[in-house]
Amino acid sequence: MQIAIDVNDNDIATKILNFLSSFKQEIKVTTSIDDINFSKNRESLHKIHSKVIESRDNLCELDTNFWDEMDSIIKNA
């Protein structure tokens with residue numbers, strides 16, 4: 001599992017990193033400065049997020065009937 005945390009406050013970021021570092025045997029802590037792939041993935045996620053937000057006027061809420069029908073299709077598959 002991977003977890004990404006954006007922190008704007010350096011003191012809070014330090015506290016989080018110190019806490020996570022106490023799990024030395026169980027986890028590996030990688031910061032965005034250390035990992036080029038993390039930075040690329042972060043940029044990609046931001047682009048996807050921007051596209052979704054920009055096209056929000058094209059989104060609509062799905063009603064209960066839709067979900068009931070989907071549940072039925074999945075159950076009968």
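Since the structure is predicted, the reported quantities are computational estimates derived from the model, not experimental observations.

A.B. asks: Describe the overall build of the protein chain, and please don't skip the residues or the numbers.
C.D. replies: Of regular secondary structure, the protein chain possesses three helices and zero strands. Reading the protein chain from its N end, one meets helices and strands in the order α-α-α. With 77 residues in all, the protein chain has 0% of them scored as buried. About 7,700 Å² of surface is accessible on the protein chain, with carbon and sulfur atoms providing 54% of the total.

A.B. asks: Can you explain the confidence of the model for the protein chain? Please cite residues and give values.
C.D. replies: Taken residue by residue, the protein chain gives an average pLDDT of 78. The fraction at 70 or more is 83%. Across the protein chain, the element-wise mean pLDDT spans from 77 in helix H2 (residues 36-54) up to 86 in helix H1 (residues 10-21).

A.B. asks: Can you tell me about a nonpolar patch on the surface, naming the residues and giving the values?
C.D. replies: Where nonpolar side chains cluster on the molecular surface, the patch consists of Leu17, Phe19, Phe23, Ile27 and Val29 and spans about 400 Å² of accessible area. With respect to the secondary-structure elements, Ile27 resides in the loop between H1 and H2. Take Ile27: its relative accessible area is 37%, and that puts it in the partly exposed class.

A.B. asks: Talk me through the packing of aromatic side chains; I want residue IDs and the actual numbers.
C.D. replies: Taken as a whole and assessed by the stated rule, the structure comprises two aromatic pairs. With centroids separated by 5.2 Å and ring planes inclined at 80°, the aromatic side chains of Phe19 and Phe23 adopt a geometry described as edge-to-face. Classification of Phe19 by relative accessible area gives exposed; the value is 52%. Between the aromatic rings of Phe66 and Trp67, the centroid separation amounts to 5.1 Å while the plane-to-plane angle is 80°, which identifies the pairing as edge-to-face. Judged by its relative accessible area of 31%, Phe66 is partly exposed. The class for Trp67 is partly exposed, based on a relative accessible area of 47%.

Parameters at a glance
Residues numbered from 1 in each chain as written. Predicted model: local features only at pLDDT ≥ 70, side-chain atom pairs only at ≥ 80, totals over all residues. Heavy atoms only, no water. Helix = DSSP H or I, 4+ residues; strand = E, 2+ residues; numbered from the N terminus. Buried < 20%, exposed > 50% of the residue type's maximum accessible area, 1.4 Å probe, protein only. Areas by Shrake-Rupley, 256 points an atom, 1.4 Å probe, with all protein chains shown as cover. pLDDT = per-residue confidence, 0-100. Patch = residues over 30% accessible without salt bridge, like charges linked within 9 Å, V, L, I, M, F, W, Y side chains within 5 Å. Salt bridge = Lys/Arg side-chain N within 4 Å of Asp/Glu carboxyl O. Phe/Tyr/Trp six-rings, centres within 6.5 Å; stacked < 30°, edge-to-face > 60°.

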